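Here is what each chain is made of, one letter per residue.
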Amino acid sequence: MATALLSNNDFYKNTDDKSLEIFSLIWLDANEDVEDTRDTEVELRSIINHIKKFQDIKQCQQYIEQTSQKDRLIIIVSGQLGQEIVPLIHQLRQVISIYVCCMDNESNEQWVLEFAKIKSVVVDLDELVSKITVDHNIQKKIEEPLSIYTFTTNVDAGKSILTTGVNIQFIFSQILVDCLLRLKSTKIDRNELVNLWENEYAGNQTELNNLHEFQQEYSPDEVLRWYTKETFFYKTLNAALRTQNIHMIFLFRSFIYDMYCQLQKYQSKHPLQVYRSQLMSNDELNSLKQNIGQFISINSMFSTSKQRTTALFYLSDLTTQIDSERVLFEIDADFKMVSTKPFADISEHSYFRDDLEVLFMAGSIFRLNNIDRNDDEIWIIRMTLCNDHENDLRQVLMYRKLQLKSKETNLRTLGKLLWEMGKLDLAEKYFNRLLQELPLNDPLHISLYEDLSELASKKGDYYMSVQWHQKFLAIKNNYQLTVNPTIKKTNNSIEQAILVNHININTKWKQQGVTIAGGNRRGDQLNQLNGPEGIYVDDDYQPIYIADFGNDRIVEWKYGADNGQVVAGGNEKGDRSDQLNYPTDVIVDKKNNSLIICDFGNKRLVRWSRQNGTNGQTIVPDIDCRDLTMDNNGSIYVSDWKKNQVRRWKQGEKRGAIVAGGNEQGNQLNQLHLPTHIFVDEDHSVYISDTSNHRVMKWMKGANEGIVVAGGNGEGNSSRQLSYPHGVVVDHLGDVYVADCGNHRIMRWCEGSCEGSIVVGGYGRGKQPIQMYGPTGLSFDVQGNLYVVDYWNDRIQKFEIDLN
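Residues numbered from 1 in each chain as written. Predicted model: local features only at pLDDT ≥ 70, side-chain atom pairs only at ≥ 80, totals over all residues. Heavy atoms only, no water.

Topic: the overall build of the chain
Then, in step 1: Secondary structure summary: the chain contains 17 helices and 38 strands in total.
Then, in step 2: Taken over 804 residues, the chain has a buried fraction of 56%.
Then, in step 3: Looking at the chain alone, contacts between residues at least 24 apart form 61% of all its contacts between residues at least 6 apart.
Then, in step 4: When the accessible area of the chain is evaluated, it comes to approximately 33,900 Å², of which 45% is carbon and sulfur surface. (Helix = DSSP H or I, 4+ residues; strand = E, 2+ residues; numbered from the N terminus. Buried < 20%, exposed > 50% of the residue type's maximum accessible area, 1.4 Å probe, protein only. Contact = heavy atoms within 4.5 Å. Areas by Shrake-Rupley, 256 points an atom, 1.4 Å probe, with all protein chains shown as cover.)

Shown next as structure tokens:
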């Protein structure tokens, strides 16, 4: 908490004093008579709010040394004490400037020359305030730390790109931003944040007035003005992002979301070259030098200028300090690269319109092109804005971020993510926070008690683990879960009718899968796959067709073959007629002897001839397609993940009709939330993997709402739950088979049942024959053998019917 106006004896007592801002003032003076400094402190707090005063050198040194290297400290010290403490603290990264305030500047002129961080020797307090004000106007532009994570493809042989420590930080930082943007804020959160501000700025009337104005007048369309105005809002939000203070970011999330929306609204519509000046430590700079050609994410709002001269101005008069270098970022930003993190010229919406500021959303990703030093001894870092769909990035981001896309998450989701990040205390904090917010009869209590029990065990607190487990058992036994409505039996599935003689209620499949395609590590060779998504098993028991997502191609793999054959795309990523861009699904139109491909990245459906076709024909443009299927009349059905709907195109139609969803995002029976895989039966009922609602819906022909036929009890791994379902197939009995992606298993939900059973998998994620890792696509052959697209293992697994 920041100090108010300091009394004579309000000196250092402990090391727990933390500021919500990045910059702090440390004042060391042995003189106990501080009455003359009162007015000075008031003026200084209008510049840098947090002031900490000391009389004892050792206590002051200890306090400074325990601060983070991401803190930025301005030191005021008397001449006598300065000679003792400056040599001890001068080399610390967090100390950025020192002012010697004394009675006689002549006696200090010599020794201060040895220390570059000493800005001035002053006698007059007004002069002290003036110099700190001028210097700080530049310091706040270039001295604030950047929060940068690196994603590198340069890993040692035998190691996974996913398990490299720096890459894990990068991945989780990206997913955390997306998670927080989808987590609704509450009044409790707002009140907690306001209380923190009131405590931080107690006694600082300037900022308290700003806070009062903010509470009275803030609106989402004014967020950019507030962010660029020099007030508590900018200072504390920037500090939270740059120091990655997760709980403060959590409390700020609604304002970060407002910024995201405004940047998206004013997204730049033409390529820009922009600049940013920065002071960086040698270690930070060397780390970037070692990652030329790799990706970095900047996890704070990233402010740049369209004018190179403006950026250079802030570096021109600086003397290079100990262990730091002057840096100029030169960034090429093409709006076509924007997928999730917008950037915008905010000059017209800024408090300072003359700054020509271009602002990038927190979490923006750049490729480091090169780093070199110019004639003025300034390091030039050249970068290019990237999107999440860059090939190397897609391997690790696309699947997890697709799960969160358009997803209204809750505190349990955040807690689970923090758990994976190893932040167990924070995970526990948000689980408990959600418990306090839930109604007493909410079934989510069951999952939270189970989570807290396991979490306590992970932390080694076995007593609390038992306590939570007892609560879990008590509420589980007392709570009566809702049973899904009875479902009318469907007729034979149009694509699976032939299974009638092979599958019945007692059918089982061998648990050992056989790899029939891929499985030779991730790659682009003909015996490899790269994040396969969809699959089509031809019913004449000959080839299978695979949407090889990361390789931008469709591969035909004949039964028993060691290699596949590219039958569509494979000419690098692009939007030409001979190219594909992240295909997610493929089906065969036998009547026209062609493939129909969901070209996800190009937002189109493409028809590609099976007779040595070298080009595709766009049959449906401008659609956020995720998966597709065809009914017995030749009508095409497509899931649109952005509009949360399924559309049908009858033959000859130019405009498809909505057959499911289309009522905005939600979890009501007439809504969908990230629909992915779809299946159509003989009655033209549509089955939809409603991925972010963790359920499969059946939408009968002409119905205004759907019926839950699998899952629908929240995310989980019980027999009544699903976790991000993907592939879906329905047999002649009306039983639903679903790829339970998040639980790494295939489930069967018999018609009318309120719970499912595991068909294959369920042994945890892995690459053993009995395991899978993120199953997506699902299909059967004419014999009733089960085919599973094992996404993260880059293979297609076949599970044969167990005749025994």
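With respect to the nonpolar core
Taken as a class, soluble globular proteins show a tendency for nonpolar side chains to be buried jointly.
Then, in step 1: Within the largest apolar cluster, 66 residues are counted, with the highest numbers of intra-cluster contacts made by W197, F233, F252, M301 and L414.
Then, in step 2: Summarising the domain contributions, this core has at least three residues from each of domain 2 (148-161 + 171-400) and domain 3 (411-482).
Then, in step 3: Aside from chain neighbours lying at most four places away, what touches L414 is L176, C179, L180, L183, F250 and Y430.
Then, in step 4: Membership of the second largest hydrophobic core comes to 27 residues, among which are V696, A710, L722 and V730. (Core = buried A, V, L, I, M, F, W, Y, C linked by side-chain atoms within 4.5 Å. Domains from an automatic or database assignment.)

Overview of the sheet that holds strand β22 (residues 604-609)
Then, in step 1: With antiparallel pairing, 4 strands are arranged side by side in an open sheet as β20-β21-β22-β23. The sheet terminates laterally at β20 (583-589) and β23 (616-621), the two strands that pair on one side only. Taking the axes of each pair of neighbouring strands and ignoring which way they run, one obtains an average angle of 25° across the sheet.
Then, in step 2: Relative to β22, strand β21 (residues 594-599) is paired through 6 bridges, and the arrangement is antiparallel. Bridging across to β22, I597 finds its partner in V606. (Pairing = 2+ DSSP bridges. Axes fitted to C-alpha atoms, helices over the stretch in contact; angles between N-to-C directions.)

Structural notes on a negative patch on the surface
Then, in step 1: Taken together, D39, E43, D124, D126 and E127 make up a surface patch of like negative charges.
Then, in step 2: Listing elements by their share of the negative patch, those giving two or more residues are α1 (38-45) and α4 (125-142).
Then, in step 3: Looking at where D124 falls in the secondary structure, it is placed in the loop between β5 (118-122) and α4.
Then, in step 4: Judged by its relative accessible area of 40%, D124 falls in the partly exposed class. (Patch = residues over 30% accessible without salt bridge, like charges linked within 9 Å, V, L, I, M, F, W, Y side chains within 5 Å. Salt bridge = Lys/Arg side-chain N within 4 Å of Asp/Glu carboxyl O. Lys, Arg positive; Asp, Glu negative; His and termini not counted. Charge placed at Lys NZ, Arg CZ, Asp CG, Glu CD.)

Some details on the pattern of salt bridges
Then, in step 1: A complete count under the given rule lists 38 salt bridges for this structure.
Then, in step 2: A salt bridge links E330 to R308; the shortest N-O distance between them is 2.8 Å. A residue pair is termed long-range when its members are at least 10 positions apart, and E330 in strand β10 (residues 324-333) and R308 in helix α12 (residues 308-316) qualify at 22 residues.
Then, in step 3: Classification of E330 by relative accessible area gives buried; the value is 9%.
Then, in step 4: Across the pair E755 and R720 runs a salt bridge, and its minimum N-O distance is 3.7 Å. Here R720 lies in the loop between β31 (707-711) and β32 (725-730) and E755 lies in the loop between β34 (745-749) and β35 (757-761), a separation of 35 residues in the sequence.
Then, in step 5: Here the salt bridges share partners, and the residues they tie into one network are D189, E192, R253 and R433.

So, the side chain of Q528
Then, in step 1: Here Q528 is to be found in the loop between β15 (514-518) and β16 (535-537).
Then, in step 2: One polar contact links the side chain of Q528 to the main-chain carbonyl oxygen of N520, over a distance of 3.0 Å.
Then, in step 3: Excluding its chain neighbours within four sequence positions, the residues that come into contact with Q528 are N520, R521, R522, G523, D548, N551, R553 and W557. (Polar contact = N/O pair within 3.5 Å; in protein donor to acceptor, adjacent residues only side chain to side chain.)

Details of helix α9 (residues 232-242)
Then, in step 1: Of all 11 residues making up α9, 11 are buried, and the element is well covered by its neighbours.
Then, in step 2: Among the residues of α9, F232, F233, Y234, K235, T236, L237, N238, A239, A240, L241 and R242 are the ones counted as buried.
Then, in step 3: Where the residues of α9 are buried, they touch α4, α6 (187-200), α7 (205-217), α8 (223-228), α10 (246-265) and β7 (272-281).
Then, in step 4: With its phi angle positive at about 55°, Q244 sits one or two positions after the end of α9.

A short note on the environment of C101
Then, in step 1: Structurally, C101 can be placed in strand β4 (residues 95-101).
Then, in step 2: Residue classification places C101 among the buried positions, given a relative accessible area of 15%.
Then, in step 3: A sequence separation of 22 residues divides C101 from G79, and the C-alpha atoms of the two residues are 6.5 Å apart.
Then, in step 4: Contact partners of C101, with chain neighbours within four places excluded, come to I76, V77, S78, G79, V122, L125 and L128.

Notes on the sheet that holds β35
Then, in step 1: In space, the 4 strands of this open sheet follow the order β32-β33-β34-β35, with antiparallel pairing throughout. Edge positions in the open sheet fall to β32 and β35, since each of these has one partner strand only. Sheet twist, expressed as the mean angle between neighbouring strand axes with direction ignored, is 25°.
Then, in step 2: Sheet topology places β34 next to β35; 4 bridges connect them, and they run antiparallel. Counterpart to I746 in the pairing with β35 is V760.

Here's the deal with the packing of aromatic side chains
Then, in step 1: In this structure the tally under the stated criterion is 39 aromatic pairs.
Then, in step 2: Centre to centre, the rings of Y227 and Y234 are 5.2 Å apart; their planes meet at 65°, and the pair counts as edge-to-face. Here Y227 and Y234 have matching classes, each one buried.
Then, in step 3: A network of ring pairs unites the aromatic residues W197, Y201, F214, Y218, W226, F232, F233, F252 and F255 as a single cluster. (Phe/Tyr/Trp six-rings, centres within 6.5 Å; stacked < 30°, edge-to-face > 60°.)

A look at helix α3 (residues 79-89)
Then, in step 1: Turning to α3, its buried residues are G79, L81, G82, I85, V86 and I89. Along α3, the residues classed as buried sweep out an arc of 125° about the axis, all on the same side. (Arc of directions from axis to C-beta.)

Looking at the UniProt feature "repeat: NHL" (unreviewed entry) in the chain
Then, in step 1: The sites that carry the UniProt feature "repeat: NHL" (unreviewed entry) are, in the present numbering, residues 721-746 and 765-802.
Then, in step 2: From the first C-alpha to the last, residues 721-746 spans 12 Å; its make-up is 0% helix and 50% strand.
Then, in step 3: Within residues 765-802, the helical portion is 0% and the strand portion 42%, while the C-alpha atoms at the span's ends are 23 Å from each other. (UniProt positions renumbered as here; feature names shortened; annotations may be inferred.)

Some words on the confidence of the model for the chain
Then, in step 1: For the chain, the mean per-residue pLDDT works out to 85, and 88% of the residues sit at or above 70.
Then, in step 2: For the chain, the element scoring lowest by mean pLDDT is helix α13 (residues 391-404), at 53; strand β29 (residues 686-690) scores highest, at 96.
Then, in step 3: Scored below 50 in pLDDT, residues 1-16 makes 43 contacts in the model with residues more than four places away or belonging to other chains.
Then, in step 4: Predicted confidence for residues 480-501 stays below pLDDT 50, and this span has 57 contacts to residues more than four positions away or in other chains. (pLDDT = per-residue confidence, 0-100.)

With respect to the pairing of strand β14 (residues 379-386)
Then, in step 1: Burial analysis of β14 places 6 of its 8 residues in the buried class, the great majority of the element.
Then, in step 2: Of the pairings in the sheet, the one linking β10 to β14 comprises 6 bridges and is parallel in character. Opposite F329, over in β14, you have I381 as the bridge partner.
Then, in step 3: Two elements, strand β13 (residues 364-373) and β14, share 8 bridges in a ladder whose sense is antiparallel. Residue pairing in the sheet places R367 in a bridge with T384 of β14.
Then, in step 4: Hairpin remark: β13 followed by β14, antiparallel, with 5 residues in the connecting loop; positive phi at E377, about 60°.

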